[in-house]
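Close look at the chain arrangement
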Amino acid sequence: GITNRMHLRLLRITVALVAIVIFLFGIVYKPAQSLLDYINLTGTMMLGAGILIIGGLYWKRASTAGAYAAVVFCVVIPLMNIVYNYFASDEKKIPAQYFGLGAIVSAILAYILFSLLIPNRNKEQKGADIND
């Protein structure tokens, strides 16, 4: 199994990697939309972390599978918006807010569904001190 110290280290590395990905995304991405849409999309991607934190801290049935599902939805749906609007004509473009809301709702539902369908096996580590 994974120790609490290693878990904390992996969490810190993951947060750093997410920050690097957003930074590189900001450098490479050429907005075909307004700046507000860009902020909405990147904010939606980062909201996945908030869903994980809230669910992981306050819901006893939260699982790793649910966490991964939420992250995937919070990243893939905004990317779909970018790809769709890149190829769509001006009158058929969909505002980022709709994809953002869809990503948030889908991520929360996926988090719940996957956590219930694929629970963690090692429940004895729940509540252990993270500084051990």
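Residues numbered from 1 in each chain as written. Predicted model: local features only at pLDDT ≥ 70, side-chain atom pairs only at ≥ 80, totals over all residues. Heavy atoms only, no water.

**Observations regarding the overall build of the chain**
Convention followed: To qualify as a helix, a DSSP run of H or I must reach at least 4 residues; to qualify as a strand, a run of E must reach at least 2; elements of each kind are numbered from the N terminus. The classification of residues rests on relative accessible area computed with a 1.4 Å probe and restricted to protein chains. Under 20% of the type maximum is buried, over 50% is exposed, and intermediate values are partly exposed.
Check the secondary structure of the chain and you find four helices and zero strands. Along the chain, from the amino end to the carboxyl end, the secondary structure elements read α-α-α-α. Overall, the chain is about 55 × 30 × 20 Å in size when its C-alpha atoms are taken along their principal axes. Taking all 132 residues of the chain together, the buried fraction comes to 27%.

**Concerning helix α1 (residues 4–28)**
What counts here: One fewer than the residue count of a helix, multiplied by 1.5 Å, yields its expected span. The contact criterion used throughout is that any non-hydrogen atoms of two residues lie within 4.5 Å.
With 25 residues, α1 should cover 36 Å at 1.5 Å per step; its first-to-last C-alpha distance of 36 Å lies within 8% of that length. Here α1 has its buried residues at N4, L8 and F25. Structurally, α1 contributes buried residues whose contacts are with α2 (35–58) and α3 (64–87).

**Observations regarding the packing of α2 against α3**
To describe two helices that pack against each other, one gives the angle between their axes and the distance between the axes. For clarity, the threshold we go by: Simply put, an axis is a line fit to the C-alpha atoms, just over the touching stretch for a helix, and the angle between two N-to-C directions goes from 0 to 180 degrees. For classification purposes, angles smaller than 35 degrees are called roughly parallel, those larger than 145 roughly antiparallel, those between 65 and 115 roughly perpendicular, and all remaining angles oblique.
Between α2 and α3, the least distance of the axes is 9 Å, while the angle of their chain directions is 175 degrees. Classified by the angle their axes make, α2 and α3 are roughly antiparallel. Side by side, α2 and α3 meet where L41, T44, M45, L47, G48, I51 and L52 of the first sit next to A67, A70, V71, C74, V75, P78, L79, N81 and I82 of the second.

**As for the side chain of N85**
For clarity, the cut-off: Any pair of N or O atoms that falls within 3.5 Å is considered a polar contact. Within protein, one atom must be able to donate a hydrogen and the other to accept it, and sequence-neighbouring residues count only if both atoms are side-chain atoms.
With respect to the helices, strands and loops of the structure, N85 is situated in helix α3. Within the local environment of N85, its side chain forms a polar contact with the backbone oxygen of I94, the two atoms lying 2.8 Å apart.

**Focus: a nonpolar patch on the surface**
Convention followed: Only residues whose relative accessible area exceeds 30% and that take part in no salt bridge are eligible for patches, with like-charged residues grouped when within 9 Å of each other and nonpolar side chains (Val, Leu, Ile, Met, Phe, Trp, Tyr) grouped when within 5 Å. Accessible surface is estimated by sampling points in the Shrake-Rupley manner with a 1.4 Å probe; for residues, cover comes only from the protein chains shown. Salt bridges are identified by distance alone: a Lys or Arg side-chain nitrogen within 4 Å of an Asp or Glu carboxyl oxygen.
Taken together, the side chains of I2, M6, L10, I13, L17, I20, F23, L24, I27 and V28 define a hydrophobic patch exposed on the protein surface, amounting to about 920 Å² of accessible area. Residue classification places V28 among the exposed positions, given a relative accessible area of 62%.

**Regarding the pattern of salt bridges**
Oppositely charged side chains may form a pair once their charged atoms are brought near each other. One pass over the full model with this rule turns up one salt bridge. The salt bridge partner of D90 is K93, with a shortest N-O separation of 3.7 Å.

**Regarding the packing of aromatic side chains**
Quick reminder of the rule: Here a Phe, Tyr or Trp ring, Trp counted by its six-membered ring, pairs with any other such ring whose centre lies within 6.5 Å, and the pair is stacked when the planes are under 30 degrees apart, edge-to-face when over 60, and tilted otherwise.
In this structure the tally under the stated criterion is two aromatic pairs. Ring geometry for Y86 and F87: centres 5.0 Å apart, planes at 90 degrees, overall edge-to-face. According to the relative accessible area criterion, F87 is exposed, its value standing at 66%.

**What to know about the confidence of the model for the chain**
Rules: The predictor reports its confidence for every residue as pLDDT, a score running from 0 up to 100.
Within the chain, residue pLDDT values average 83, and 90% of them lie at 70 or more. The weakest mean pLDDT in the chain belongs to α2 at 81; the strongest belongs to helix α4 (residues 96–117) at 92. Throughout residues 128–132 the model reports pLDDT below 50, and contacts reaching past four residues in sequence, or to other chains, amount to nine contacts.

**With respect to the environment of M46**
Mapped onto the fold, M46 is located in helix α2. M46 gets classed as partly exposed once you look at its relative accessible area, which sits at 38%. Residues contacting M46, with those up to four places away along its chain left out, are V18 and I22.

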